[in-house]
Amino acid sequence: MTTKLNMQDIVNLAKNRWFVYAGSEIYWGLANAWDYGPYGSLLKENIKNLWLKEFVQKKTNMVSLDAAILMNPQTWVASGHVWGFSDPLIDDKKTNQRFRADKLLEDLIENLDDAENYLKEKYWVNNLVPESWSLEIQTKVMRDENVLNPETGEPWDWTEAKQFNLMFRTSQWVTDDSSSTIYLRPETAQGIFVDFPNILRTSRKKIPFGVAQVGKAFRNEITPGNFIFRTREFEQMEIEYFVEPWKDLEAHAEWKNNCMNFLTNTLGIEKENLKLRDHEQDELSHYSNATTDIEYKYPFGWGELWGIADRTDFDLKAHMAESKQDMSYFDPVTNRKYIPYVIEPSVWLTRLLLATMLDAYTIDEENNRTYLKFEPRVAPIKVWVLPVVKKIGDLAKEIFSQLSEDFMCEYDEVGSIGKRYARMDEIWVPFCVTVDSSNYDEGNVTVRHRDSMEQEIVKISELNEWLRERLK
Ligand code: GAP
């Protein structure tokens, strides 16, 4: 049995097996909008629930939140998004195509011999992080180094690079003047910071404690792509973990472990496909003291999966200054009052879903089949119920009703048993319950194990408990 990673294969499989496909397809789609189909939506829900279970349900010092997507625009002034949440954009005047200048420059650096010395001597840049260079230098390097249009492979006619704000704007009222401008949130985090005083008052939590939130966020990415890796609309799962200011680095290290363990132990992602990458000093966001990315080995190379940032007290202080509300914490034991520091493990649910699918993608050369080898707890459908022959469908439907109280099941009576098993294997349903009348009369059904393909007789009265034990 071998595993191969290929982006186009996963795109095809996701489409054909009801996981993810282009949104509004009957109107030729909308660039980079994706819909999560019957299995994709369940898979997304499972990953989200496992995350909530691990980081909220199983912790005594974590709570959850669901803040509004639309927030008072002052939020984004205080957080720095109005002035600072942008990427360097460059247009090719010949084709009117837009690109992220820093990304094209990163590609250039990869292909230069001794890039560090060459760029330092020629352009006086002191690092290999183009995002941190001035716009003038980015434009100059693009032009002087003859960076080609990556889409056409043709010589360029580059405009000056300029900053492009990634927030989606909309307006709240019928009139369309600037006073009505509001934004679709580009991250869920700010909802947690803004609600910090309320959460503190109502939850009676003591520091250290954290707030977890799952929700939609939007970014007007200049170059989205790689299927669902970089999209303009996505679901974010964020935790803000508040700590004493002098304990931030300790907590940061702890969260790196927590997130890694979740990926490997809960989602079953292979360790060798994951690595930790600490951000260089000049790569850190304006609010960060330390940031580590957990990277995944995507078919197109290593890329970010989960960011774990030490955001210091930047956000709470910024909102305190802007709103004039007190954001401090009073420690009743030490009688100290301070603004907590915060550790932020932030991951995009949709990107996590992509990594989970890529990791589960398996080619079984021996049996000439391809399937998604999910952990049972992750699998979108847990049990597949089928009558041996169609005419005992009513009995099998009774079993379906009993099991669907506890598990996501599918009922299937179409085609030969072999074909139905094959359909079930494709999406890697962990258990298959086969109903035949002689077994049923004795109060039993046959359960087929996906992995070993072995079959076992199980009592109908004990079936739910039997499965629960094995799906933990
Ligand atoms: N609140 C912090 C924050 O939003 P970020 O580094 O911008 O931080 C965190 O994003 C995570 O979100 C990344 O690790 C990555 O998983 C994911 N991500 C960022 N932009 C994305 C996009 N356009 N599409 C999908 N996932 C994205």
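Here the residue numbers are simple positions, counted from 1 along each chain's written sequence. A pLDDT threshold of at least 70 governs which residues receive local features in this predicted model, and a stricter bar of 80 or more applies before side-chain atom pairs are shown or counted, although totals over entire chains, interfaces and linings include all residues. Note that the side-chain values use all heavy atoms of the structure and ignore hydrogens as well as water.

> Sorry if this is basic, but what is going on with the pairing of strand β23 (residues 455-459) here?
Consecutive side chains of a regular strand alternate in pointing toward one face of the sheet and then the other. Note on pairing: DSSP must find at least two bridges between two strands before they are called paired. Elements are defined by DSSP. Helices are runs of H or I of four residues or more, strands are runs of E of two residues or more, and each kind is numbered from the N terminus. Of the strand pairs in this sheet, strand β22 (residues 444-449) and β23 are connected by 5 bridges, and their pairing is antiparallel. Bridge pairing in β23 links N444 to K459. Here β22 folds back onto β23 in antiparallel fashion, the turn holding 5 residues, of which M453 has a positive phi close to 65°.

> Sorry if this is basic, but what is going on with the site of the ligand here?
Any residue with a heavy atom positioned within 4 Å of a molecule or strand is treated as near that molecule or strand. Contacts to the ligand come from 19 residues, most closely from E187, E238, E304, L305 and W348. Whenever two N or O atoms come within 3.5 Å, that pair is a polar contact, provided that in protein one can donate a hydrogen and the other can accept it, and provided that, for residues adjacent in sequence, both atoms are side-chain atoms. T231 is positioned with one of its backbone polar atoms (N or O) 2.9 Å from a nitrogen atom of the ligand. The side chain of R351 places a nitrogen or oxygen atom 3.4 Å from a nitrogen atom of the ligand. Out of a free accessible area of 560 Å², the ligand has 89% covered by protein chains. Those elements that provide at least two residues to the shell around the ligand are β10 (233-243), β13 (301-312) and β16 (341-348). Areas reported here follow the Shrake-Rupley algorithm with a probe of radius 1.4 Å; residue values treat only the protein chains shown as occluding.

> What is the right way to look at the sheet that holds β13 in this model?
Two modes of strand pairing occur in sheets, parallel and antiparallel, and in both the strands are linked by backbone hydrogen bonds. Taken together, the 7 strands give an open sheet; going across it, the order is β3-β9-β10-β16-β13-β12-β11, and neighbouring strands pair in mixed fashion. The strands lining the two open edges of the sheet, one partner per strand, are β3 (62-65) and β11 (274-278). Between one strand and the next, the sheet's axes are offset by a mean angle of 25°, whatever the strand orientation. Pairing of β13 with β16, which is carried by 6 bridges, proceeds in the antiparallel orientation. From the neighbouring strand, W306 faces β16, where its bridge partner is V347. On top of the sheet, helix α2 (residues 38-57) reaches β3, β9 (209-218), β10 and β13; it is set at about 5° to β10, its chief contact. Each axis is a line fitted through C-alpha atoms, taken for helices only over the stretch in contact, and angles between the N-to-C directions span 0 to 180 degrees. Note on contacts: a residue pair qualifies if any of its non-hydrogen atoms lie within 4.5 Å across the two residues.

> Got a minute to help me understand the nonpolar core in this structure?
Burial of nonpolar side chains together is a common tendency in soluble globular proteins. Among the nonpolar cores identified, the biggest contains 66 residues, and I10, F19, W306 and M357 are the most heavily contacted of them. Those residues within four positions of W306 in sequence are excluded, and the remaining contacts are W51, F55, C259, F262, L263, T292, D293, I294, P345, S346 and V347. Within the second largest apolar cluster, 20 residues are counted, among which are I392, I399, F407 and I460. Remark: nonpolar core denotes a set of buried residues (Ala, Val, Leu, Ile, Met, Phe, Trp, Tyr, Cys) joined through side-chain atoms within 4.5 Å. Working definition: with a 1.4 Å probe on protein chains only, accessible area under 20% of the residue-type maximum means buried, over 50% means exposed, and in between means partly exposed.

> Teacher, can you tell me more about the pattern of salt bridges here?
Side-chain pairing between opposite charges can occur once the charged atoms of the two side chains come close. In what follows, salt bridge is the name for a side-chain nitrogen of Lys or Arg lying within 4 Å of a carboxyl oxygen of Asp or Glu. The tally for this structure, following the rule as stated, stands at 28 salt bridges. One salt bridge connects E25 with K15, and the closest N-O pair in it is separated by 3.0 Å. With E25 in the loop between β1 (20-22) and β2 (34-36) and K15 in helix α1 (residues 7-16), the pair connects residues that are 10 residues apart, well separated along the chain. Residue R230 is joined to E221 by a salt bridge in which the shortest nitrogen-to-oxygen separation is 3.8 Å. With relative accessibility at 6%, the residue E221 sits in the buried group. One salt-bridge network, held together by shared partners, links E187, R311, D315 and E344.

> Looking at this structure, how should I read the domain arrangement of the chain?
How big an interface is tends to be stated in terms of accessible area lost as the parts join. The source of the domain bounds is an automatic or database domain assignment. Looking at the chain, the domain boundaries give domain 1 (7-74 + 183-360), domain 2 (86-165) and domain 3 (381-470). Measuring from the centre of the C-alpha atoms in domain 2 to the corresponding centre in domain 3 gives 57 Å.

> I would appreciate a short explanation of the sheet that holds strand β4 (residues 86-92) in the present structure.
In spatial order, the strands read β5-β4-β6; together these 3 strands make up an open sheet with antiparallel pairing. Looking at which strands have only one partner, the edges of the open sheet turn out to be β5 (97-100) and β6 (162-165). Sheet twist, expressed as the average angle between the axes of neighbouring strands with direction ignored, equals 50°. Relative to β5, β4 runs antiparallel, the two sharing 4 bridges. Looking at β5, one finds that I90 is bridged to F99. Contacting β4 and β5, helix α5 (residues 101-111) runs over the sheet at an angle of about 65° to β5.

> Would you mind showing me how to read the packing of aromatic side chains here?
Given two aromatic rings, their pairing is described by the distance between the two centres and the angle made by the two planes. What counts as a ring pair is set by centres within 6.5 Å for rings of Phe, Tyr and Trp (its six-membered ring), and what kind of pair is set by the plane angle: stacked under 30 degrees, edge-to-face over 60, tilted for all other angles. Inspection of the entire model under this criterion finds 26 aromatic pairs. Relative to F314, the ring of Y287 has its centre 6.3 Å away and its plane inclined at 45°; by these criteria the two rings are tilted. Highlighted residues: Y287 in the loop between β11 and β12 (290-298) and F314 in helix α11 (residues 314-323), separated in sequence by 27 residues. For F314, a relative accessible area of 23% corresponds to the partly exposed category. Each ring, one from F431 and one from W466, has its centre 5.6 Å from the other, and the planes form 75°; the classification is edge-to-face. On the criterion of sequence distance, the pair formed by F431 in strand β21 (residues 431-435) and W466 in helix α16 (residues 463-470) is long-range, its members being 35 residues apart. This pair shows no difference in class: F431 is buried, exactly as W466 is. An aromatic cluster of at least three residues, connected via ring pairs, comprises W51, F55, Y241, W255, F262 and W306.

> How should I be thinking about the packing of α5 against helix α7 (residues 135-144) in this particular structure?
Angle between the axes and distance between the axes: these two values describe a pair of packed helices. Interaxial distance between α5 and α7 falls to 10 Å at its minimum, and their mutual angle equals 50°. Taken together, the axis directions place α5 and α7 in an arrangement best described as oblique. The way α5 lies across α7 gives a crossing that is left-handed. Side by side, α5 and α7 meet where A101, D102, L104, L105 and L108 of the first sit next to Q138, V141 and M142 of the second. Under the convention adopted here, Pro, Cys and the residues Ala, Val, Leu, Ile, Met, Phe, Trp and Tyr are nonpolar, Asp, Glu, Lys and Arg are charged, and Gly plus all remaining residues are polar. Taken together, the residues of the contact of α5 with α7 sort by class into 6 nonpolar, 1 polar and 1 charged. When describing relative orientation, an angle under 35 degrees is termed roughly parallel and one over 145 degrees roughly antiparallel, while 65 to 115 degrees is termed roughly perpendicular and anything else oblique. Working rule for handedness: look at the near helix, and if it is turned counterclockwise from the far one by less than a right angle, call the crossing left-handed; if clockwise, right-handed.

> What's the story with the environment of I399 in this structure? I'm lost.
Relative to the helices and strands, I399 is located in helix α13 (residues 393-404). Considered as a pair, I399 and L135 are 264 residues apart in the sequence and their alpha carbons are 65 Å apart. With residues up to four places along the chain from it excluded, the contact list for I399 reads V385, V433, V435, Y440, V445, I460 and L463.

> Any chance you could explain α5 here in plain terms?
Count 3.6 residues to each turn of an α-helix, and residues three or four apart come out pointing the same way. Among the residues making up α5, those that are buried are A101, D102, L104, L105, L108 and I109. Summarising the axial view, the buried residues of α5 lie within an arc of 160°, below the 170-degree limit, and thus occupy one face. Facing away from the buried side of α5 by more than 90 degrees, the exposed set consists of E110 and N111. Those residues of α5 that are buried are in contact with β4, β5, α6 (115-123) and α7. By definition, the arc is the one covered by directions from the helix axis to the C-beta atoms.

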